[in-house]
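Observations on the model geometry
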Amino acid sequence: MEGSKIDSLPAATTAERVEDNSQVLTTELENASINDSSFIQAMMKAPSGFKLDDRGVFLVNSNNEEGKLVSSPIWATAVTEDTEDKTNGVVLNWIDLRGDLRNRAIPMDYLYDSGSDFIKYLGRSGVKIDPSQTSSLKRYLVGFLGNLPFVESVTKLGWIEGNEELAYVLPFRVIGAGYCKEDIIYQPEQHSYAGQAMYESGGFYDWTEHVAHFCSQNPMLVFGLSLGFSGILLHFSDIETGGFNIYGRSSGGKTTVLQVAASVVGNGSAPGADPSKSYVLTWNSTSNALEALASSSNDGLLCLDEIHTCNDNDFGRVVYNLSGGRGKQRLSQDADIKKSRSWRSMILSSGEQSVREKILQTSKNVHSGQALRLIDIPANDEIIKEPKGYSYAEFADRLKNNCSKYFGVAGSIFIDQIIIEFETQANARKHINDLNNQIYKELLLPNMEREQQRALKRFSLVATAGVLASRLGVLPLEESEIIGSIKYVVGLWLSDDVNLPRKVINTRMVREAIERNQSRFQLTNNVNDVPPKDMLGYFHEATVGGHQQKLYLFTTNGFAEVCNGQNINEVAKDLKEMGFLQINDSNRLKSKHSIYINGVQRRSRFYSVPASILSFDELEGIRAGEDGANGTFK
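The structure displayed is predicted, hence computed values, not measured ones.

With that settled, the discussion passes to the overall build of the protein chain. The helix and strand tally for the protein chain stands at 21 helices and 24 strands. Each of the 634 residues in the protein chain was classed as buried or not, and the buried ones make up 54%. A separation threshold of at least 6 residues defines the contact pool for the protein chain, and within that pool the share at least 24 residues apart is 70%. Per element, the accessible surface of the protein chain, about 27900 Å² overall, is 46% carbon and sulfur.

Below, the discussion takes up the sheet that holds strand 14 (residues 280–282). Here 5 strands make up an open sheet; going across it, the order is 14-15-18-13-19 and the pairing parallel. Each having just a single partner strand, strand 14 and strand 19 (374–378) make up the two edges of the open sheet. The mean inter-strand angle of the sheet, taken between neighbouring strand axes irrespective of direction, is 25 degrees. Where strand 13 (residues 242–247) and strand 19 come together, 5 bridges link them in parallel fashion. Its bridge partner being in strand 19, Ile246 is matched across the sheet by Ile377. Contacting strand 13, strand 18 (345–351) and strand 19, helix 17 (residues 450–471) crosses the sheet at an angle of about 90 degrees to strand 13.

A few words on the pattern of salt bridges. Counted by the stated rule, this structure contains 23 salt bridges. The residue Glu479 makes a salt bridge to Arg471 at a minimum N-O spacing of 2.8 Å. Judged by relative accessible area, Glu479 falls into the buried class, the value being 13%. A residue is classified by how much of its surface remains accessible, and Arg471, at 9% relative accessible area, is buried. The partner of Arg502 in a salt bridge is Asp574, with the nearest N and O atoms 2.9 Å apart.

Attention now goes to the sheet that holds strand 4 (residues 66–71). Taking strand neighbours across the sheet as the criterion, the 3 strands line up as 2-3-4 in an open arrangement whose pairing is antiparallel. Since the sheet does not close on itself, it has two edges, and those belong to strand 2 (50–53) and strand 4, each with one partner. For this sheet, the mean inter-axis angle between neighbouring strands, taken without regard to orientation, is 35 degrees. Bridge analysis of strand 2 against strand 3 (residues 56–60) gives 4 bridges, and the strand direction is antiparallel. If you follow Phe50 over to strand 3, its bridge partner there is Leu59.

A few words on the nonpolar core. Core analysis: the biggest nonpolar cluster contains 99 residues, and Trp207, Phe229, Phe244, Phe414, Ile418 and Phe459 have the highest contact counts within it. At 10 residues, the largest contribution of residues to this core is made by helix 17. The residues touching Phe459, leaving out its near neighbours within four places in the chain, are Phe223, Phe244, Ile375, Ile377, Leu443, Ile486, Val489, Val490 and Trp493. Counting 27 residues, the second largest nonpolar core, distinct from the first, contains Ala76, Ile119, Leu141 and Leu148.

To continue, consider helix 19 (residues 502–516). Side chains three or four residues apart in an α-helix point the same way, a direct result of the helix having 3.6 residues per turn. Here helix 19 spans 21 Å end to end across 15 residues, near enough to the 21 Å set by a 1.5 Å rise per residue. Among the structural elements, strand 20 (521–523), strand 22 (547–554), helix 20 (556–563), helix 21 (568–578) and strand 24 (600–610) are those in contact with the buried residues of helix 19.

Moving on: the environment of Asn402. Looking at the element boundaries, Asn402 is found in helix 14 (residues 392–405). Given the relative accessible area of 9%, Asn402 is considered buried. For the pair Asn402 and Ser263, spaced 139 residues apart in sequence, the C-alpha separation works out to 9.2 Å. Not counting chain neighbours up to four residues away, the residues in contact with Asn402 comprise His210, Val211 and Phe214.

Turning our attention to unusual backbone geometry. With a phi close to 65 degrees, Asn64 is a non-glycine residue in the positive phi region. Following the sequence through the fold, Asn64 ends up in the loop between strand 3 and strand 4. Among the residues examined, Asn64 registers a relative accessible area of 62% and is labelled exposed. The phi torsion at Asn564 lies on the positive side, around 50 degrees, for a residue other than glycine. Along the chain, the position of Asn564 falls in the loop between helix 20 and helix 21.

Let us look at the side chain of Gln353. Relative to the helices and strands, Gln353 is located in the loop between strand 18 and helix 12 (355–360). Excluding residues that lie within four positions of it along the chain, Gln353 makes contacts with Asn245, Tyr247, Ile307, His308, Lys358 and Gln361.

A contiguous nonpolar patch, built from Ile40, Met43 and Met44 and spanning about 330 Å² of accessible area, is present on the exposed surface. Along the chain, Met43 turns up in helix 3 (residues 36–44). Among the residues examined, Met43 registers a relative accessible area of 35% and is labelled partly exposed.

A separate point is the pairing of strand 13. Most of strand 13 is tucked away, with 6 of its 6 residues classed as buried. With 6 bridges connecting them, strand 13 and strand 18 associate as parallel partners. Bridge pairing in strand 18 places Phe244 opposite Leu348.

With 19 residues, helix 16 (residues 425–443) extends 26 Å between its outermost C-alpha atoms, agreeing within 8% with the 27 Å of an ideal straight helix rising 1.5 Å per residue. Turning to helix 16, its buried residues are Gln425, Ala428, His431, Ile432, Leu435, Asn436, Ile439, Tyr440 and Leu443. In the core, the buried residues of helix 16 are packed alongside helix 15 (409–422), helix 17 and helix 18 (479–495).

Moving on to the confidence of the model for the protein chain. Detailed conclusions should not be drawn from predicted coordinates in areas where pLDDT is low. Taken residue by residue, the protein chain gives an average pLDDT of 82. The fraction at 70 or more is 83%. Between the elements of the protein chain, mean pLDDT differs from a low of 31, seen in strand 1 (residues 26–28), to a high of 97, seen in helix 8 (residues 219–230). The model gives residues 1–35 a pLDDT under 50, and that stretch makes 90 contacts with residues more than four places away or in other chains. Confidence drops under a pLDDT of 50 for residues 621–634, and excluding neighbours within four residues, the segment shows 39 contacts in the predicted structure.

Cut-off values and rules
- Residues numbered from 1 in each chain as written.
- Predicted model: local features only at pLDDT ≥ 70, side-chain atom pairs only at ≥ 80, totals over all residues.
- Heavy atoms only, no water.
- Helix = DSSP H or I, 4+ residues; strand = E, 2+ residues; numbered from the N terminus.
- Buried < 20%, exposed > 50% of the residue type's maximum accessible area, 1.4 Å probe, protein only.
- Contact = heavy atoms within 4.5 Å.
- Areas by Shrake-Rupley, 256 points an atom, 1.4 Å probe, with all protein chains shown as cover.
- Pairing = 2+ DSSP bridges.
- Axes fitted to C-alpha atoms, helices over the stretch in contact; angles between N-to-C directions.
- Salt bridge = Lys/Arg side-chain N within 4 Å of Asp/Glu carboxyl O.
- Core = buried A, V, L, I, M, F, W, Y, C linked by side-chain atoms within 4.5 Å.
- Expected span 1.5 Å × (residues − 1).
- Patch = residues over 30% accessible without salt bridge, like charges linked within 9 Å, V, L, I, M, F, W, Y side chains within 5 Å.
- pLDDT = per-residue confidence, 0-100.

Shown next, in the form of structure tokens:
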């Protein structure tokens, strides 16, 4: 990225810069479309037949005489228009039972619904309503519509589509709204858990000191921190929705990683400690509910704990649906096709089971696409490496407690800084992808196949998010530690045999067969040896061109035994690609060699494997950055 704007940034911007800019480009919803003057305006423009004052809404007759009380104070302030499908809604303001001002944008059809769900919602939200006047209340609110300004609305959180200027919708504010033509309001299709869980507690310095710094020297926790920022970057990448599942049999802090990640964007409490407000949820939901949760976390993070609690009888389908980024088409009560949900989310899951194990409970096979969408990371005793002078249990408890006190501020500052640095969608996409491509090359290991490379792109986006957050002064960790930590987690992923490239697994299979069966190879230079009955082949040793040559020459039957039911030519091709198959005819996988059978020399074809395969280490290079602090990236 030489010469690019991001290269001009220091490794960590100053704290003063973060503080100065943390509120720049931020428009609070109540300041954008609903303010104190709106109540006075509504009093003056109350619809015909009604009166509004600080006591509530009243019916009035033709002589302007006050009649029955309809409800406590409530009024409409704007008409919303969805940026995607141009459907309308209305922004309501009301005084709740505590005397506090509250507001929400709702779909317009709520005002015309003959049912009572809308009235029940207002009642739950602190509006006192005369049960006999519910139709009057709706008529009163509809009466405002002809005199209200229009504002844009969106039904999901995240980056606003269709604007070249960058703007990001949070539940209660729009960051960057000043760059848009109109104010923008979040109008969810229904209750959104993000509205409860995405808020701020404590200051930025509290979070950096008690959460981010506390995670340092613990690669899995640094991975969690970086992942907390990564969903924000999905919009600028070509990486599809998906994520990671941290699994292990012990109670070694798996949920703690989720809490650390959640603290970047919202309430980092443990799901059991504060289930109504925690950003960390559980898998114990229906597939439809999981769709709603994913939609609520658009361009962000979805944290799901306790994978074993998902009660869907086809978990593989659940994984596909979540990672597909779009929900099912459904019909409304009037048989109209409802707009399907859509999302881009980074998913972080945990539990005692791997995704593979969970799928195999109800299915015979695990498709490679399922494993790539939710990547299994084994984490037994790997999460807490440096407890900072505490016992492991004390460290985990202290960190979990910190995540429940200080949260939510880092993510919004990160969004803020992205907008300030890049200004436009095109700039952000170019610089973020350039950085991601460089980090991907840094993480790429020899012999990775296409599937492993696809998975590695998701790891590289996590690393990119961490590095970018460090450069923008939001994550107070060195880039080297972030890269080293991601390398460490990649190593954990590949330490599970099922995640190794097929050609690496097959090369190891042949190596181990040779190590176990040295006695089943006949020496080619022993003319009168009697071959073993269960021989796999021959061992050839000679000096060729001044170099010692040692080869294991497998017969077809012997090689088939080693391949254990796999196609022997496919295994041979894998060995060739790995550099462990000697050929002397470019059109054949077998090579010709002279051997002796009952004292008679014959020349036959064999699968010829050099003895250097015995030194093959399938994990060589994978553990680079093992201590989480020695990765390098420039």
